Structures are given as structure tokens and as C-alpha cells.
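# Per-entry structural report
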There are 2 protein chains.
Amino acid sequence: MVDPIELNDALERVSAFLDGGDLAGAVDYLRTLHPADSAEILAELEPEEQASIVDRLQVGELAEVFEQLDEDEMAEVAQHLDVEMLADVLDEMEPDMAADLLGELEPEQAAEVLEQMEEPEDVASLMTFAPDTAGGIMTSPPPSLRRFWTVAEATSFLRKHYEEEEDFFYLYVLDRHARLIGLVNLKSIILAGPEQTVEEIMTRNVISVRASADQEEVAQLLQRYDLVSLPVVDEEERLIGIVTIDDVIDVIEEEATEDIYRLAQMSPDSEIYSPIPEAVRNRLPWLVVNLGTAFMASAVVSLFEGTIAQAAVLAAFMPIVAGQGGNAGTQTMTIMVRSLALKEIEPRDTLWALWHEARVGIINGLTVGVLVALIAWFWQGNPYLGLVIGLAMLGNLIVAAIAGVIVPMVLKSLRIDPALASSIFVTTCTDITGFMLFLGLATYFLYYLL
Amino acid sequence: MVDPIELNDALERVSAFLDGGDLAGAVDYLRTLHPADSAEILAELEPEEQASIVDRLQVGELAEVFEQLDEDEMAEVAQHLDVEMLADVLDEMEPDMAADLLGELEPEQAAEVLEQMEEPEDVASLMTFAPDTAGGIMTSPPPSLRRFWTVAEATSFLRKHYEEEEDFFYLYVLDRHARLIGLVNLKSIILAGPEQTVEEIMTRNVISVRASADQEEVAQLLQRYDLVSLPVVDEEERLIGIVTIDDVIDVIEEEATEDIYRLAQMSPDSEIYSPIPEAVRNRLPWLVVNLGTAFMASAVVSLFEGTIAQAAVLAAFMPIVAGQGGNAGTQTMTIMVRSLALKEIEPRDTLWALWHEARVGIINGLTVGVLVALIAWFWQGNPYLGLVIGLAMLGNLIVAAIAGVIVPMVLKSLRIDPALASSIFVTTCTDITGFMLFLGLATYFLYYLL
């Protein structure tokens, strides 16, 4: 029984060995850990500590470490290896992970390493696919079965070819043109008699994807059909790879992160550890675009400068109307964007959603409007000020609901990611209508506000 | 080869059958589809259409349908079944899904159905665990192996007990106290000789969790160690259940959705299809809390009413300072919250993050500040106005960076979900400092602004 270790404790132990100059002790300790944990610890160490540990690891151990790291960490650790060693390690790695690692190197370095590899073919062919497609996340296909084999033949084939394979769960059956015609799960092999044929125990209804399919589509298929892996085929239905569930989990997290960052108006590629110039590039353009829309709101306000000059108290209430509108609009927009991403709703549901959100907007608008009106009245001692801000609030929350539905739906219909640009349009709508309504009504009732 | 069907097309075909009064045709067509697809289509139909189709399905087919539906949909379809039928269907279902379905019924109805079931034990015991724990998402343990069995014995045991089991990937080995002592993957059974013992081919380092572990922890373990299922044990290390990867994917999506909704300041339980009163409950309280902080910003502005009365143009620039501060703060806060959720960063990295984000804030603040200053100068013809707003912008973007780091880190250290409350604190900071800086500087330079 292994309890998952506390990574921080383990990291401290390794650091203690290293600080005491006991490099061998550190390496021996790392060897007692699960490869996922020792890799994680290695990635957390300082570059020179990494270098000295990497120096002491065998090729097979290094391959295992790289298979557990994410792409940035791979690149970092790879720096400590020379081209020949790197080529040896890559030969030992799962082809999809090897391709990921090569993708992190400088193009010339990657070419050099590929040249030094003993079996570069699988990796090189995986590297030809776009990274966010089925081809980009798949690994090379495992040795496959033929349908006329008996279970006994299949078993001895597996003994021969699968001793070295990672954990696997399905076997694939190909015809003589290498086209995928069936799937055998390991359970059926164990339960079948030795003289039964592969054809008798295989499932013919194999769900597969093309290599060019978007990784999001792959994730949805695996989820919809509760699969742990999905075969990838070319235009002739030939099996060219396998996508496994662990890659798909990464895709699901990645897509969620991208939506979160887009909703917060920054580049979906943002990372906390980005170097400063990259972090600035990931955020500054969005601030500048927002500046443009902020000046539109500002222009609206400046139309009412005369009113404000007479009743400066209005300026104090401006942030409340705009802020509440922005918050309500963000709520509606966010639930729309996420429900679109999870396919819980589609553009054809726009009318239904409008009616649903408008009612929520009216109820929230009435509640918040009355509340704000009362506070404004008692604070400033003027019921008309309460009336003006209350009405503006109600109106703005209804606009927020409508914009919060329509903007993501329109973007989705135009095949633009609704997470990408919804925030900016929705808050522009609520800012502008909020100020218009509030300052417009205030101008109309100005006599009573003075 | 099965291409995943277009659900909308299939739905239209079923509707066409039903509109033509051909119920048998609709049912026959649904039977040709993958259970995941026919269940999805059933869930999309009108209640009376659902009732008439459900009426024609066999117990086993219904069990399969329910296993594919999410919890809301289960409850909806279950309405069409009487207690006895429902009990029969539940007997056929995987215990974890059956427990989920029962959890959706009214307590009395659930008790009645449990009483009618032939084998209620597994399901009833699963229902005792909190829904968001390992116990709440696990299913009953499969029949397990003993370590002294030979592979031949294990195989005949599997033939006897596993014919009916769903797809499975690992077998578990228990000692005579039902304690988990090892794991055998199916590959090793196939590759082993018939006379080898289970002990020889089993892995002893089995990673497991307690039933009370949070579902998020379960998801992290499966991801960290690239597993497709995880055994769940009680305090005596006895195997009491299995969590499979498909449940974990649901957890990962659910947790991402919760964070997205919390960042948008609404209840994490929000759903696009919530009835209106629930939707209002999920959002209104957050608007009211925000109203409180908006009034704080408003109080700051009202301190400067005298300044605004003399230079009403300032009111037009207020939304720009606050808006940009809010956007920049949201960027930093969002990347912090997401990186904390993905364990890419921890509270002990606070100083590093402050220094990193402060530099980004200074660069963005200088750029946006100069830009705003130039626009304000040329628009209003007054360089001092440009100076005031530019300085306020720079200051506010630095504050935004600091608040964006500190607020989530402090919440995390206090064991409060940073996604829950970060937005409100960060925007309150940026609103208040934004207005303070801008209107304070304007008051200082008032002579030059008139």
C-alpha cells in the first residue's frame, strides 16, 4: 500500500541530501519514489542541482522522468543533456512524449537530435501533425491483431510484442490494408477459449477520429462514449495512432483554462511563469482594446458634463450603476459561455435564453434598484435621486441580461469563441446604457435634484 | 467503423417518427444507436414523448439509458416509471449510477424504491457517502483475487464472475481480511504462464484513497499517476470501492465550472436551466454584496464633489481609471486563482509572484498611462489633465497587480477558495485607489485643470 507522498516533504529531503553534498543519497532516495513524484521533484530543483542529478541517471530512468513532465519542464531538464544522450533517451520514450519534447527544442537542435536517434520514424511522423489536433496528441499505434487469428495465436503474438508496452486496455484489429475493422478488449481475450477467433470476440463498432480532428472534439467523443482511448485513422481508415485518456484530461483542463483566461480578457496562453515581456504581450493588448471602449463610455458621460457640473453628487453614483450592470452582465455572459462550451445550450436556444435571463434581470433589477433607491434617498436626503438611480439600475440590469445572452450567441454563430470577446462587448453595453440612463434621467429630473 | 452520429439529425428523425405516430419506428431506430446517443436523444424529447418511449423499453435497455444520463436528466426520465419498474431497472444498473439516481428522487420515494429492489445492499451502502467525496463517486468493488491463486485459477474465477462486468482494466488482490494488498493488470494475466501465482505478477505499490477524501484530491491522484481507476479503502485498508476515470473527468469539468462561476461572482451551482427563483438565488446575493463595495467607492468619489463641481470633465474620465484598474486586477487575480487550482503555485510563492506581477503592472501602467494621458490631452486640450489621469492610471495598475496577487494568496492561506471572493476584494481595491488617486491628484492640480 502506497500513500501518495507529500511532495513538499520529499523535496525538502532531496534538498537536504544535496545541501549535505550527498548526491548519491539524493539519487537513491529519488529512485524509491514513484516516477511521477521524482520527476516533479527534479523539475522543482535549481538548474545546477538538476544537472548534477540528471548526470547520474540511466537512459531508461531519464526517459521515465521526461514522460512525467509537462512541456516547459521537459525543455528545462533537456538542457542538461548533450545531443547523443538526448537521442538515446528519446529512443526509449513513448513516441508521443518524445515528439512533444522535440517540439520544445530549437528547430536546429531538434533536427540534430532526430538524426542521432536509432528509430526516429515514429516520432518524426507524429511531429507532422498540428499540436491541437487528434494527430498532435496521439501516440503511435500498438502492434495490431488480424481477424482470422485464434485467441491462442493472439496471445502468443502479445507475449512477443507487448512485453515492453505500457499499460494498454484495448487491442485493435486491422485488415490487410491496415484499415481498422475491430476492437478487442483484454477481458474478452481472457474469457475466450483458445480456439475462438479474434473475429468472434471483436467489437465491430469502433468509434474513431481523423487525425485532423480538433482535440476538443476528441475529448468530447471520449467523454460521450466513456472510452479510455480512441483510435485515430487517416483518410483511408488506416489506423495511424491512439489517443489515450490521460492526454484528453490535459486537453479538458487546458480548454477550461483557456476559457477562464479569455473571460478575464487575457491571452489563453497566459502562464503564471511567463517571462515578463511575454506576460506583457499576453495582457497589454487587451487593456488597450478596453481603453477604446472605456473612452466610448467616457464620451457618453461627457455629453452630460453640464448636468454633472450642477449636481456633482451624480458623479458619486456613476460607479454604482455601471458596476452593477457590469456584474450582472458578466453573470449572464459567463453562464452562457460555459454552457456553450459544455454543449448544454446552442445558438438555436437564443430566444429561450433571452426570456429566461430577462426575467432574472427584471427580478434582480427591481430588488437592487429599490435597494439602491432607498440608500441614495436616505444618504443624500433626496427621493428623486433615489428614483433616478433606481430606474437606471433596473434598466441597466435588463440590458445586461439581453447583452449577456446575445453577445455570446452571436459570436458562437459566427464561429468565434464566445469566451474570446464576450466580456468586452457586454461591459461596453452595460457601461454605455448605464451612464445614458442614469445621466439622461438625471438631466430630465435635474430641477428636483438640486 | 462507426462515425459518431450528428445528434441533431438523429433527434429530428426520432421526432419525425413520433409526429407520424410511428412509435415502434422511433424505438427501433433508437435501438440502432449507441446507448450514449439514444439516451441523449431521449433526454431531449418532450415529457409525453419520453413517457411513450420509456413504456416500450425493456428493463435492461432502461438501465443502459439511465447509466448514460446526467443526474437532472435521470430524475426527469425516472418520473415516467412506477416504483416496481424503477426498482427492477436499478437492480440492473451499476451501483454508483443507481445510487446517483436514487439521490435525485424525493427521500420517501427513494426509500420505497430501495425496499422493492432485489439487491439493495450495494446501492444503499454507496448512498451513505457525501456526494463530493471518493465514497460519493465510487462504485462497488469488483470480485477480487487472492495472492496464492495461480493464473489458471484466476482465469477461471474471472470466467465465472466477470462475464457480466462492464469493461474493467485492473484486478485487485485482497488478503483474508479483505485488505487491499496488490493490483494485477489484465496485460500481466495474458502474458503470464498458467502456473504463475497472482503474487508473482501483482504490483504491490497500489495507490489508493480513503472514502472520505475530497473528489478533487481523487482527480489529482489519477492525473498525477496517470491511472484509469483508483481503489477506495476504509480505515482498515479494506477495499470498499473503485473510482473510475469517467467519473473523474466529470469532477474535473465540474471543478472548472465552479471556479469560472465563482470568478464571475455567482453561485458555483448555477446552471443555465435553473428555474427562475433558483437563478435569482444564485446571483442576487452577490449583486447585493457588490452593491456594498460599490457604495464604498461611491463614498470616496463624494469626498471630491467640490472638485468635480468645478471641473465636471473629471467625471468623464472616472470610468477609465476604474475600468482599467479593474481589468488589470482581474487579469492578475485570474491567473493566480487558476494557477493555485492547478497547483502550479502556492502561498509560499507570494513574494516571487508579487515581484513578477508588479513588474508587469509597471510596464502596462506606463504604457496605458502614457496613452491615456496623450488622448486626454488632445481631446480636452489640457496637458495637466493628461498628467493627472496618466499618473492615476500607473498607480492604479500597480495596486491592481499587488491586490491581484495578495488577495487570492491570503484567501488560500485561510483555506477559503480563492475563486470565491477574490473578484470582489480586488475590484474594491482598484475602484477605491483609482478614484482616490485620480480625484486626489485632480484636486491638487485643480488650478491647472480649470
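Quick caveat: nothing in here was measured; it's all calculated off a predicted structure. Numbering of residues begins from 1 in every chain and follows the order in which that chain's sequence is written. Key to labels: chains lettered from A, ligands numbered from 1, both in the order written. Totals for whole chains, interfaces and linings use all residues, but because this is a predicted model, local features are given only for residues with pLDDT of at least 70 and pairs of side-chain atoms are given and counted only at 80 or more.

A few words now on the overall build of chain A. Numbering goes from the N terminus for both helices and strands, where a helix is a DSSP run of H or I of at least four residues and a strand is a run of E of at least two. Per the secondary structure count, chain A includes 23 helices and six strands. Taking 2.2 N^0.38 as the reference for a compact globule, 450 residues should give roughly 22 Å; the C-alpha atoms of chain A span a radius of gyration of 30 Å, well beyond that estimate. With the C-alpha coordinates aligned to their principal axes, the bounding extent of chain A is approximately 95 × 60 × 45 Å. Split into buried and exposed, the 450 residues of chain A put 46% on the buried side. Whether two residues are in contact is decided by their C-beta atoms, placed from the backbone, lying within 7 Å. For chain A, long-range pairs separated by at least 24 residues make up 71% of all intrachain contacts whose partners lie at least 6 apart in sequence. Note that the radius of gyration is over C-alpha atoms, with the globule rule given as 2.2 Å times the number of residues to the power 0.38. Each residue is classified by how many other C-beta atoms fall within 10 Å of its C-beta atom, where C-beta atoms are placed from the backbone; a count of 20 or more means buried, 12 or fewer means exposed, and values in between mean partly exposed.

Right, let's talk about unusual backbone geometry for a bit. Residues and elements named next belong to chain A. One non-glycine residue, D226, adopts positive backbone phi at about 50 degrees. Within the secondary structure, D226 sits in the loop between α15 (215-224) and β5 (229-233). Of note, the phi angle at K343 is positive, near 60 degrees, even though the residue is not glycine. The residue K343 is located in the loop between α19 (313-341) and α20 (350-380) in this model. Using a count of 10 C-beta atoms within 10 Å as the deciding quantity, one classes K343 as exposed.

Moving on to the relation of the copies chain A and chain B. Note that the two copies of the chain are related through a rotation about an axis and a translation along the same axis. At an RMSD of 0.1 Å, chain A and chain B line up after a rotation of 180 degrees and a shift of 0.1 Å along the axis. The two molecules are tied by a two-fold rotation axis, judged by turn and shift. Within chain A, the C-alpha atom positioned nearest to the axis of rotation is that of A:A309, 2.3 Å from it. Interface overlap between copies is the fraction of interface residues in one copy that are interface residues in the other; for chain A against chain B it reaches 99%, indicating a shared surface. We place the copies in one frame by least squares, fitting the C-alpha atoms of every residue whose pLDDT is at least 70 in both.

Note that soluble globular proteins tend to have their nonpolar side chains buried in a common cluster. A:I389, A:F438, B:I389 and B:F438 are the most contacted members of the largest nonpolar core, which totals 136 residues. Excluding anything up to four places from it in sequence, B:F438 contacts B:F317, B:M318, B:V321, B:V388, B:I389 and B:A392. Put simply, a nonpolar core is a cluster of buried Ala, Val, Leu, Ile, Met, Phe, Trp, Tyr and Cys residues tied together by C-beta atoms within 7 Å. Counting 73 residues, the second largest nonpolar core, distinct from the first, contains A:L230, A:L239, A:V243 and B:I137.

A separate point is the environment of A:A51. Residue and element names in this part refer to chain A. Inspection of the secondary structure puts A51 in helix α4 (residues 47-56). We classify A51 as partly exposed; it has 14 C-beta atoms within 10 Å. Separated by 27 residues in the primary sequence, A51 and A78 have C-alpha atoms spaced 9.5 Å apart.

Before going further, it helps to spend a moment on the domain arrangement of chain A. For chain A, the domain assignment lists domain 1 (7-129), domain 2 (145-254) and domain 3 (276-449). Throughout, the edges of the domains are those of an automatic or database domain assignment. Placing a centre on the C-alpha atoms of domain 2 of chain A and another on those of domain 3 of chain A gives a separation of 52 Å.

Every contact between the two is made by 97 residues of chain A and, on the other side, 96 residues of chain B. Residues are grouped as follows: Ala, Val, Leu, Ile, Met, Phe, Trp, Tyr, Cys and Pro are nonpolar; Asp, Glu, Lys and Arg are charged; all remaining types, including Gly, are polar. Looking at the side of chain A that touches chain B residue by residue, the classes come out as 60 nonpolar, 21 polar and 16 charged.

So, about the packing of helix α17 (residues 276-303) of chain B against helix α22 (residues 418-444) of chain B. Residue and element names in this part refer to chain B. The geometry of α17 relative to α22 is characterised by a closest axis approach of 9 Å and an angle of 10 degrees between their N-to-C directions. Judged by the inter-axis angle, α17 sits roughly parallel to α22. Residue-level inspection shows V289, N290, T293, M296, A297, V300 and V301 of α17 in contact with α22, the latter providing I424, T428, D431, I432, F435, M436 and L439. Class assignment of the residues belonging to the contact of α17 with α22 gives a composition of 10 nonpolar, three polar and one charged. For helices, the fitted axis covers only the stretch in contact; all axes are lines through C-alpha atoms, and the angles between them, taken along N-to-C directions, range from 0 to 180 degrees. Note on angle classes: values under 35 degrees are labelled roughly parallel, values over 145 roughly antiparallel, values of 65 to 115 roughly perpendicular, and the remainder oblique.

Once that is clear, we can look at the packing of helix α17 (residues 276-303) of chain A against helix α20 (residues 350-380) of chain B. For the pair α17(A) and α20(B), the least separation of the axes is 9 Å and the interaxial angle reads 30 degrees. In terms of orientation, α17(A) and α20(B) fall into the roughly parallel class. The crossing of α17(A) and α20(B) is right-handed. Two secondary-structure elements touch here, α17(A) through A:I276, A:A279, A:V280, A:R283, A:L284, A:L287, A:V288, A:L291 and A:F295 and α20(B) through B:R359, B:V360, B:I363, B:N364, B:T367, B:V368, B:L371, B:V372 and B:I375. Should the near helix be turned anticlockwise from the far one by less than a right angle, the crossing is termed left-handed; should it be turned clockwise, right-handed.

All names here are of chain A. DSSP bridges decide pairing: two strands pair if at least two such bridges lie between them. The strand order β4-β5-β6 describes an open sheet built from three strands, whose pairing is mixed. Only two strands of the sheet have a single neighbouring strand rather than two, namely β4 (209-210) and β6 (239-244). Sheet analysis places β4 next to β5, joined by two bridges and oriented parallel. Across the sheet, V209 pairs through a bridge with V232, a residue of β5. The sheet strands contacting helix α16 (residues 245-263) are β5 and β6, and the helix crosses β6 at an angle near 60 degrees.

Quick look at the environment of B:W355 now. Following the sequence through the fold, B:W355 ends up in helix α20. Through-space distance from the C-alpha of B:W355 to that of B:L174 is 52 Å; in sequence the pair is 181 residues apart.

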